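Structural characterization, general
Residues per chain, in single letters:
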Amino acid sequence: MATMLLNKVGAQQMADEHRWVVIHPLDDAPEQKVDMSALGPMEMTTSVRISLLSLRAYLIVMLLLVFYRVFCQAGFFGLHAS
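Fair warning: this is a prediction, and the values are worked out from it, not measured in the lab. (Residues numbered from 1 in each chain as written. Predicted model: local features only at pLDDT ≥ 70, side-chain atom pairs only at ≥ 80, totals over all residues. Heavy atoms only, no water.)

A separate point is the overall build of the chain. Counting secondary structure elements, the chain contains two helices and two strands. Taken from the N to the C terminus, the helices and strands of the chain come in the order β-α-β-α. Just so you have it, the chain exposes about 8,100 Å², and 66% of that area is on carbon and sulfur atoms. (Helix = DSSP H or I, 4+ residues; strand = E, 2+ residues; numbered from the N terminus. Areas by Shrake-Rupley, 256 points an atom, 1.4 Å probe, with all protein chains shown as cover.)

Glancing now at helix α2 (residues 46-74). Compared with the 42 Å implied by 1.5 Å per residue over 29 residues, the 42 Å span of α2 between its first and last C-alpha is a close match. Looking one or two residues beyond α2, the residue adopting positive phi is G75, at roughly 85°. (Expected span 1.5 Å × (residues − 1).)

Turning our attention to a nonpolar patch on the surface. The grouping of M44, V48, L52, L55, Y58, L59, V61, M62 and L65 at the surface amounts to a nonpolar patch, some 790 Å² of accessible area in total. For M62, the position within the fold is in helix α2. (Patch = residues over 30% accessible without salt bridge, like charges linked within 9 Å, V, L, I, M, F, W, Y side chains within 5 Å. Salt bridge = Lys/Arg side-chain N within 4 Å of Asp/Glu carboxyl O.)

This brings us to the packing of aromatic side chains. Aromatic rings in a pair are described by how distant their centres are and how their planes are angled relative to each other. Evaluation of the coordinates by the stated rule reveals two aromatic pairs. On the numbers, 5.4 Å between centres and 40° between planes, the contact of F71 with F76 is tilted. Given the relative accessible area of 33%, F71 is considered partly exposed. For F76, a relative accessible area of 60% translates into the label exposed. (Phe/Tyr/Trp six-rings, centres within 6.5 Å; stacked < 30°, edge-to-face > 60°. Buried < 20%, exposed > 50% of the residue type's maximum accessible area, 1.4 Å probe, protein only.)

Here we take up the confidence of the model for the chain. Scored by pLDDT, the chain comes out at a mean of 80, with 73% of its residues at no less than 70. Ranking the helices and strands of the chain by mean pLDDT puts α2 first, with 96, and strand β1 (residues 3-7) last, with 52. Every residue in residues 8-13 is under pLDDT 50, and counting partners more than four places away or in other chains gives one contact. (pLDDT = per-residue confidence, 0-100. Contact = heavy atoms within 4.5 Å.)

Okay, structure coming up:
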């Protein structure tokens, strides 16, 4: 994101007193990056854990339905009315 600096010069006019200067990110000083090795495991709340488990269960059920449909089309379960 661009850095915005408030330009405060003592003897300028009132219109220039509160002027914002935008600095492009490529021209800005580099930020210190997060050290991923120093971070521990992320804490999950109960609602996040339940959401992820339900998503996992949903994906497994959908995968089983896809395999069932493929096996039905291949004729592994005998003749079924389509």
